[in-house]
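# Close look at the chain arrangement
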There are 2 protein chains.
Amino acid sequence: MLRIALAQINVTVGDLSGNREKMLAYIKKARKQQADIVVFPELSLCGYPPEDLLYKNHFVKDNLKELQKLAKEVSGIAVVIGFVDQDKESLYNAAAVIADGKIRGIYHKESLPNYGVFDEKRYFKEGRKNPMFSFQGIPLGVNICEDIWIKDGVYRKQARQGAKILINLSSSPYDVGKLEQREELLVDCARKNKVFICYVNLVGGQDELVFDGGSLVIDNNGEIIASGKQFEEDLVVVDLDVLPRKVKQKTKRIVIPCEEKTKKVLGKQKARKFSQIERIYKALVLGTRDYVYKNGFHKVVVGLSGGIDSSVVAVIAREAIGKRNVIGITMPSQYSSSGTQADAKKLAKNLGIKILEVPINEIFNVYKSALKKAFLGAKEDVTEENLQARIRGNILMAFSNKFGWLVLTTGNKSELAVGYCTLYGDMSGGFAVIKDVPKTYVYELARLINAQKKNIIPKSILTRAPSAELKEGQKDQDSLPDYKTLDSLIEGYVEDHQSLEKIVKKTKNLKAVKEMIKLIDKSEYKRRQAPPGIKITSRAFGKDWRLPITNKYKEF
Amino acid sequence: MLRIALAQINVTVGDLSGNREKMLAYIKKARKQQADIVVFPELSLCGYPPEDLLYKNHFVKDNLKELQKLAKEVSGIAVVIGFVDQDKESLYNAAAVIADGKIRGIYHKESLPNYGVFDEKRYFKEGRKNPMFSFQGIPLGVNICEDIWIKDGVYRKQARQGAKILINLSSSPYDVGKLEQREELLVDCARKNKVFICYVNLVGGQDELVFDGGSLVIDNNGEIIASGKQFEEDLVVVDLDVLPRKVKQKTKRIVIPCEEKTKKVLGKQKARKFSQIERIYKALVLGTRDYVYKNGFHKVVVGLSGGIDSSVVAVIAREAIGKRNVIGITMPSQYSSSGTQADAKKLAKNLGIKILEVPINEIFNVYKSALKKAFLGAKEDVTEENLQARIRGNILMAFSNKFGWLVLTTGNKSELAVGYCTLYGDMSGGFAVIKDVPKTYVYELARLINAQKKNIIPKSILTRAPSAELKEGQKDQDSLPDYKTLDSLIEGYVEDHQSLEKIVKKTKNLKAVKEMIKLIDKSEYKRRQAPPGIKITSRAFGKDWRLPITNKYKEF
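From a predicted model like this one, the values you see are computed outputs, not experimental measurements. (Residues numbered from 1 in each chain as written. Chains lettered and ligands numbered in written order. Predicted model: local features only at pLDDT ≥ 70, side-chain atom pairs only at ≥ 80, totals over all residues.)

## Thoughts on the overall build of chain A
As a reminder of what qualifies: Segments assigned H or I by DSSP are reported as helices when at least four residues long, segments assigned E as strands when at least two residues long, and all are numbered from the N terminus. Atoms considered for the radius of gyration are the C-alpha atoms alone. The globule rule reads 2.2 Å times the number of residues to the power 0.38. We call two residues in contact when their backbone-placed C-beta atoms lie within 7 Å.
Of regular secondary structure, chain A possesses 17 helices and 20 strands. In summary, chain A has a C-alpha radius of gyration of 26 Å against a globular reference of 24 Å for 556 residues, a match within 12%. Excluding contacts between residues fewer than 6 apart, the proportion of contacts in chain A whose partners are at least 24 apart in sequence is 74%.

This is the structure:
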């Protein structure tokens, strides 16, 4: 019987010594639980993704030094960790197997993802170093993330060479459909190859990405026998009922030294499963918390309009960093209704957060008179609407500058897609919490929150027709189709890069679709200047979406 | 004798039919000049780089349709053009050889750059389609851009198979050192392989990239026998003194049908060479012009502070789109000196552009009183400085919204590197003309401009100590080292990803270097929200620079 521990930890990109220390703490924990092997996620020593830090040769060298330091402290347990390896010419996304103070073997990732948010071919060379390991006579294969997603990838070779256990180190970012995909894939792989799979996944937020943990151990019949928590650090310890096996003479194996431990059989460790909308909520909370703390902030400020977007963001912020660290600011104008203003205050009261009020009318009027001469003869239009949004952006940024609070931007994906938002206005801020959340999901989140937290969001916020309140009687639906239609269109056009023809088949409304596609295309310049925000869909406006601004492609 | 024409054209990304029409016009021109073959740049049918447009299958199909349409119209000349090819599973960066209404052969690019600004492995598969062509009995090889930059790349194979002429289709972006690199490489390649090289390069601006043209024809002794204009469209027509040659029986060749033309020997066509600083100026003018027009703007607005950055940007804008289309705005505050204000007006007069004045003091004061209560007890600090910059940003954006003028941002690379600029303030705008120009180069540009244009920039602008004028008596050098030191440090840290140790060896000043590196690291969040601007150095803050915001890597 082999006891394996999966350490799904929350590391920070670039924090080489901090990450090493966290690993040592987890190695200690695992040893205490009599684990034979403890496994850490992909590139967990340097954090994932390190991006262009990898272009700094001194960064790579420092990562190797930390690996050597860590190796020296390992005893009484085997450790598998992800790091950046280097030979004369190239870098490799690598895993080291360490035991008794020494690195026993190194694996180089073969399949490098270079699509979506991934740029691994920018940095790494495809690996050709694929040793077979043996632990207590049991043949083991080690591979990394994408390696197991590729049809007939390196795992097939490892299984054919007799591996009874496959260890996969992952840093797989969350999106709404990922969990089911991942489970299905791994279960299928275990069953077809008759191997145990130990899949350890990173947890934590890194700029626009959230890694959701949820590590898995699957037996050689394809049954999930253990799982890690989602969106939290965890140490999954599990006993694998697997016997030593002779492999062909030809296969060279690296024997990992070990001491046989006497241990009582463990109970099965399985984490609670969440619903899809709960997972989205948890991703947003974790992503926000990690962005705030990992960047050295302590408090955040949110502009509260009394609308649903800012309300949901305020709830997430409170959940992430506590009510004492969230400040709400209302910035009423002549177009703000008494309803929304009262709701903003009520929400702040329900949340127990501080709220400040800075009215913008006077500032707005001074701007208008300063511009009067230059704008003589021109009608009021979107210029004046944007001006109000920008005054509010300035006020939030003034609080940020004065007190060191991070501004959380409150715009949703539906707005950002069609450009129904003001650059340097409501788009201002350091982190855009619900940037990738379509409006229909924002409503679902609000309902979830209210179900779990006794209607903390005033009901009128959920029922009132959405409005930017930048001119008299304005409603979102004066300019946009209903959000269900819009979000379905965005899913097709943005997430799936579908053609007009295909989208119209689904949404039926040709005229609206054409109008919205025009708006989406035209708004590229705005998105380019948007703050980062948490990816929750299969394609977010971030590293996932690299459309040219200068672009004359037209389908119609 | 074979007459070849290199059509270095300025296409627009996504404008498939427009690009095809431009090609047809150039094919006609080339035929008129009795050319046997006319060659267009890499991916010129769809524009370069098409980025995630390539994820739209309908885009790829439309590009193929345009290729077929174009092929049908070709007669009396052979045409080589760059397009996106597709098989069942993959896309290829391809070149088609067309003659007499038909595609005769297709080449797939083998070496795909995936570093710096390039993401070709995100989209394309490495090519394995490499046919040998024969034209009038002369063996020809076709390859694409990076193919010829790789040691022992596909061109070696083509030469070994007997090619006497290599045609290279490029879309190679400009930077300060590129021209010399390119010439050296191609000359060396021609000489070593005893081949003629016909190198055709794209011209024009595309978001942050400028393609500089400068196509080259090199004979089989390594002598440059023709060159295209830099930063302008051009048709280089040249006679190659090369005789038919027998190649080994085994080598399969695609024979390109042709009619022998009687023609008089042409004179040599060589374009004027520019100095390095002239090339930078030309790159900025072309990049600005193309961004403005290709995005459907007609006029631009520039905030004129009386400083050197905005002055140089205004000159570039006028050169790019004409004085009637550039509007200057001065926005004086209590901290503006009479000197800078007078200089701004004098500059506008010298340029013959319209200038408007919108003072910001009153607006600034109203903000301060609106924030008075919340800021009670806090000292004036960078908050108030940023507020002024943001008011100015808002005013420029108001003009943009009201009249449809594009705001040109005037910040330079030195500022952006260390964050000596205000997000949503002076960083506001659609296009940042000198974003990648270090301050020392800005001065060089100003001197070049004044030498060529009779001191159009008032001399006092060049001699006054730089200041943001956001508080009493402020000077840049109160917060920053002298710009020569700073720019040298930025070159090391940003362009070359050098370590602290290496930089200090060059710049000597350890304390200042440490301070500046901290500032550069800390300012990543600002750069992420900066508008696009023209790349002129070997590494610009754009697609070239992908550093995480959340990043705890510290060298000291």
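Next, the rest of the story.
## Topic: the sheet that holds strand β18 (residues 354-357) of chain A
Hydrogen bonds along the backbone pair up the strands of a sheet, which may run parallel or antiparallel. Residues and elements named next belong to chain A. Note the cut-off: One requirement defines pairing of two strands: DSSP has to find at least two bridges between them.
Sheet architecture is open: five strands sit in the order β18-β17-β16-β19-β20, paired in parallel fashion. A strand with exactly one partner marks an edge of an open sheet, and here the two such strands are β18 and β20 (431-432). Pairing between strand β16 (residues 300-303) and strand β17 (residues 326-330): four bridges, direction parallel. Each residue of the ladder has a partner; that of G303, found in β17, is I329.

## Quick notes on the domain arrangement of chain A
A common way to express how large an interface is: the accessible area buried when the components associate. Residues and elements named next belong to chain A. Stated formally: In this document the domain limits rely on a domain assignment from an automatic tool or a database. Ten residues, namely Ala, Val, Leu, Ile, Met, Phe, Trp, Tyr, Cys and Pro, are considered nonpolar, four, namely Asp, Glu, Lys and Arg, are considered charged, and the remaining ones, Gly among them, are considered polar.
Taken as a whole, chain A is organised into domain 1 (2-273) and domain 2 (277-477). Contact with domain 1, which involves nine residues of that partner, is made by ten residues of domain 2. Broken down by class, the residue content of the side of domain 1 that touches domain 2 amounts to four nonpolar, four polar and one charged.

## Topic: the confidence of the model for chain A
Heads up, the condition is: Per residue, pLDDT captures the predictor's confidence, and it can take any value from 0 to 100.
Counting all residues, the mean pLDDT for chain A is 96, and 99% of those residues have values of 70 or more. Prediction confidence for the complex, expressed as pTM and ipTM, is 0.97 and 0.96 respectively.

## Section: the environment of G137 of chain B
Along the chain, the position of G137 of chain B falls in the loop between β6 (132-135) and β7 (138-144). Sequence separation between G137 of chain B and P244 of chain B is 107 residues; the distance between their C-alpha atoms is 4.7 Å.

## A short note on the pairing of strand β4 (residues 91-99) of chain B
All names here are of chain B. Just so we agree on the cut-off: Neighbour density around each residue's C-beta defines its exposure: 20 or more other C-beta atoms within 10 Å make it buried, 12 or fewer make it exposed, and counts between make it partly exposed, where C-beta atoms are placed from the backbone.
Most of β4 sits out of view: eight of its nine residues are buried. Examined bridge by bridge, β4 and strand β5 (residues 102-108) share six bridges and lie antiparallel to one another. In the strand pairing of β5, V97 is matched with G105.

## So, the packing of helix α6 (residues 308-321) of chain B against helix α11 (residues 439-452) of chain B
Residue and element names in this part refer to chain B. This is how it is decided: Only the stretch in contact is used when fitting a helix axis, every axis being a line fitted to C-alpha atoms; angles between N-to-C directions are given from 0 to 180 degrees. Under this scheme an angle from 65 to 115 degrees is roughly perpendicular, one under 35 degrees roughly parallel, and one over 145 degrees roughly antiparallel; angles in between are oblique. Rotating anticlockwise by less than a right angle from the far helix to the near helix defines a left-handed crossing, while the corresponding clockwise rotation defines a right-handed one.
Look at α6 against α11: their axes get within 10 Å of each other, and the N-to-C directions meet at 50°. Classed by the angle they form, the pair α6 and α11 counts as oblique. In the packing of α6 onto α11, the handedness of the crossing is left-handed. Two secondary-structure elements touch here, α6 through I308, D309, S311, V312 and V315 and α11 through V442, Y443, L445, A446 and I449. Tallied by class, residues from the contact of α6 with α11 come to eight nonpolar, one polar and one charged.

## Description of the sheet that holds β5 of chain B
Residues and elements named next belong to chain B. A sheet is described by the order of its strands in space; here six strands give the open sequence β5-β4-β3-β2-β1-β14, paired in mixed fashion. Since the sheet does not close on itself, it has two edges, and those belong to β5 and β14 (234-240), each with one partner. In this sheet, neighbouring strand axes are inclined to one another by 30° on average, regardless of whether the strands run parallel or antiparallel. Note that strand β1 (residues 2-8) and β14 share seven bridges and pair antiparallel. From the neighbouring strand, A7 faces β14, where its bridge partner is L235. Sheet strands touched by helix α1 (residues 16-32): β1, β2 (37-39), β3 (78-86) and β14. Its angle to β14, the strand with the most contacts, is close to 40°. The sheet contacts of helix α2 (residues 57-72) involve β3, β4 and β5, and relative to β3 the element is tilted by about 160°.

## Description of the interface of chain B and chain A
Each partner contributes residues to the interface: chain B has 63 residues there, and chain A has 63 residues. Of all elements in the fold, only α2, α5 (276-294), α8 (361-372), α9 (382-403) and α17 (524-528) of chain B reach the threshold of two or more residues within the side of chain B that touches chain A. Ranked by the residues each element gives to the side of chain B that touches chain A, the list is headed by α9 of chain B, at eleven residues. When the residues that make up the side of chain B that touches chain A are grouped by side-chain class, the tally is 29 nonpolar, 19 polar and 15 charged.

## Let's talk about the relation of the copies chain B and chain A
Defined as follows: We place the copies in one frame by least squares, fitting the C-alpha atoms of every residue whose pLDDT is at least 70 in both.
Laying chain B over chain A is done by rotating through 180° and shifting 0.0 Å along the axis; what remains is an RMSD of 0.0 Å. Given the turn and translation reported, the copies of this chain are related as if by a two-fold rotation axis. For chain B, the residue whose C-alpha comes nearest the rotation axis is Q529 of chain B, separated from it by 2.1 Å. Of the residues that chain B buries at the interface, 100% are likewise interface residues in chain A, meaning the two copies contact each other through the same surface.

## Considerations on the environment of I144 of chain B
Residues and elements named next belong to chain B. If you trace the backbone, I144 turns up in strand β7. According to the C-beta neighbour criterion, I144 is buried, with 27 such atoms within 10 Å. Considering only alpha carbons, one finds I144 and N201, 57 residues apart in sequence, at a separation of 10 Å. Residue contacts for I144: discarding those within four places in its chain leaves E42, G82, N93, A95, K109, N168 and L169.

## Re unusual backbone geometry
In the segment running from Y48 of chain A into P49 of chain A, the intervening peptide bond is cis, with an omega of -10°. Phi at D100 of chain A takes a positive value of approximately 45°, unusual for a residue other than glycine. Residue placement: D100 of chain A occurs in the loop between β4 (91-99) and β5 (102-108). Classification of D100 of chain A as partly exposed rests on a count of 15 C-beta atoms within 10 Å. With a phi close to 55°, D152 of chain B is a non-glycine residue in the positive phi region. Note on placement: D152 of chain B falls in the loop between β7 and α3 (154-160). On the basis of neighbour count, D152 of chain B is assigned to the exposed category, with 7 C-beta atoms found within 10 Å.

## Thoughts on α1 of chain B
Since there are 3.6 residues in each turn of an α-helix, residues three or four apart along the chain are aligned in direction. Residues and elements named next belong to chain B. Note the cut-off: Expected span of a helix: the number of residues minus one, times 1.5 Å. Here the arc refers to the set of directions running from the helix axis out to each C-beta atom.
The first and last C-alpha atoms of α1 sit 24 Å apart over 17 residues, in line with the 24 Å expected at 1.5 Å per residue. Here α1 has its buried residues at L16, N19, R20, M23, Y26, I27 and A30. Viewed end-on, α1 has its buried residues packed into an arc of 125°, placing them on one side of the element. Pointing more than 90 degrees away from the buried face of α1 are the exposed residues A25 and K32.

## Comments concerning helix α9 (residues 382-403) of chain A
Residues and elements named next belong to chain A. Its 22 residues give α9 an end-to-end C-alpha distance of 32 Å, which sits within 8% of 32 Å, the value for a rise of 1.5 Å per residue. Summarising burial for α9: 17 of the 22 residues are buried, a large majority. Positive phi shows up at G404, right after α9, with a value of about 75°.

## Considerations on the pairing of strand β19 (residues 406-409) of chain A
All names here are of chain A. Residues L406 and L408 of β19 are buried on one face, and the alternating residues V407 and T409, pointing to the opposite face, are buried as well. Pairing between β19 and β20: two bridges, direction parallel. Within β20, the position partnered with T409 by the bridge is A432.

## Some points on the environment of S414 of chain A
Residue and element names in this part refer to chain A. Among the secondary structure elements, S414 is positioned in helix α10 (residues 413-418). Put simply, S414 and L480 are 66 residues apart on the chain and 9.9 Å apart in space, counted from C-alpha to C-alpha. The residues contacting S414, other than those within four sequence positions of it, are P438, K439, Y483, L486, D487 and I490.

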